[in-house]
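Coordinate analysis (summary)
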Amino acid sequence: DTIRVYDAAASYEEQVGDEPGRLWFERMNVELTGIKPGTSMVDMKGSACLMGQGQVDADFRFFMEHSCDSMIVKAMIRELNMPAINPMLARLVPASITAGYLQKLEVDPIWMNDSIAVGHLVMYYDGLAVRLRPTGSGTWDRIRTNLLSELVNLLLPEQNPADNKRLRSGTILFERDRSKGFF
């Protein structure tokens, strides 16, 4: 009732425009347990290298008999130069990360089904800076976007926790697109 995969590679793509955004995983080791007829839960534990540098550890629990395709995910990402995720981010939103180092991202846990995802995350990082991408082609649009980028970087905490040791965390509440599958 167990499947183990060692030293694999995988990529995940999501598309909203002309080209898909892409994340890739290398040196992936995965173990799935509970795979047998009539099982109500399947667990998957894995580790991988994200975008050639960040270490990912994740635990999934799939509720096989739930009518809404429910699962729980708990994950941690460590040691990632944040611009490395731009091949995904820049294709999905008109922005990119220009600087920043992710020490650790803790997702603890996310409960999701075919319509909603709810959870909590904490991100420990330094030196975060972003750049917005113009959505139009005119000179004024580029000027406006550059000014907005500067404003966003003034408002966006450069590090978390801040110098005053206040740790910011976030709540995940996301309505999923039911036309897209998870796997």
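Above this text sits the structure in question.
Values in this document were obtained by computation on a predicted structure and should not be read as measured data.

**Here's the deal with the pattern of salt bridges**
Taken as a whole and judged by the stated rule, the model has eight salt bridges. Its salt-bridge partner being Glu-19, residue Arg-91 comes within 3.2 Å of it at the nearest N-O pair. With Arg-91 in helix α1 (residues 86-92) and Glu-19 in the loop between β1 (2-14) and β2 (21-33), this pair connects stretches of sequence that are 72 residues apart. Residue classification places Arg-91 among the partly exposed residues on the basis of a relative accessible area of 39%. Between Glu-106 and Lys-104 there is a salt bridge; the shortest N-O distance is 3.2 Å.

**Brief notes about the environment of Gln-53**
Relative to the elements of secondary structure, Gln-53 occurs in the loop between β3 (41-50) and β4 (54-63). Along the sequence, Gln-53 and Leu-80 sit 27 residues apart, while their C-alpha atoms lie 6.0 Å from each other. A polar side-chain atom of Gln-53 sits 2.8 Å from the main-chain amide nitrogen of Asn-81.

**Section: the environment of Ile-116**
Within the secondary structure, Ile-116 sits in strand β7 (residues 116-132). Residues Ile-116 and Ser-70 lie 46 residues apart in sequence; the distance between their C-alpha atoms is 9.5 Å. In this view, Ile-116 contacts Trp-111, Leu-173, Phe-174, Glu-175 and Arg-176; residues no more than four positions away in its chain are not counted.

**A short note on the pairing of β4**
Here β4 shows a buried face lined by Gly-54, Val-56, Ala-58, Phe-60 and Phe-62 and an unburied face lined by Gln-55, Asp-57, Asp-59, Arg-61 and Phe-63. Across 10 bridges, the pairing between β3 and β4 is antiparallel. Its bridge partner being in β4, Met-44 is matched across the sheet by Phe-60. In the sheet, β4 pairs with strand β5 (residues 71-81) via eight bridges, with the strands oriented antiparallel. Bridge pairing in β5 links Asp-57 to Met-76.

**Observations regarding the packing of aromatic side chains**
Evaluation of the coordinates by the stated rule reveals one aromatic pair. Considering the side-chain rings of Phe-60 and Phe-62, the 5.8 Å spacing of their centres and the 0° angle between planes classify their relative orientation as stacked. In terms of burial, Phe-60 and Phe-62 fall into one category: buried. Above the plane of the ring of Tyr-124 lies Lys-104, whose end atom (NZ or CZ) is 4.8 Å from the centre.

**What about the side chain of Asn-160?**
Residue position: Asn-160 is located in the loop between α2 (139-155) and β8 (169-175). From its side chain, Asn-160 meets the backbone oxygen of Met-123 in a polar contact 2.8 Å long. A distance of 2.8 Å separates a polar side-chain atom of Asn-160 from the backbone oxygen of Arg-168. If sequence neighbours within four positions are ignored, Asn-160 has contacts with Met-123, Tyr-124, Tyr-125, Arg-166, Leu-167 and Arg-168.

Cut-offs and rules
- Residues numbered from 1 in each chain as written.
- Predicted model: local features only at pLDDT ≥ 70, side-chain atom pairs only at ≥ 80, totals over all residues.
- Heavy atoms only, no water.
- Salt bridge = Lys/Arg side-chain N within 4 Å of Asp/Glu carboxyl O.
- Helix = DSSP H or I, 4+ residues; strand = E, 2+ residues; numbered from the N terminus.
- Buried < 20%, exposed > 50% of the residue type's maximum accessible area, 1.4 Å probe, protein only.
- Polar contact = N/O pair within 3.5 Å; in protein donor to acceptor, adjacent residues only side chain to side chain.
- Contact = heavy atoms within 4.5 Å.
- Pairing = 2+ DSSP bridges.
- Phe/Tyr/Trp six-rings, centres within 6.5 Å; stacked < 30°, edge-to-face > 60°.
- Lys NZ or Arg CZ within 6 Å of the ring centre and 35° of its normal.

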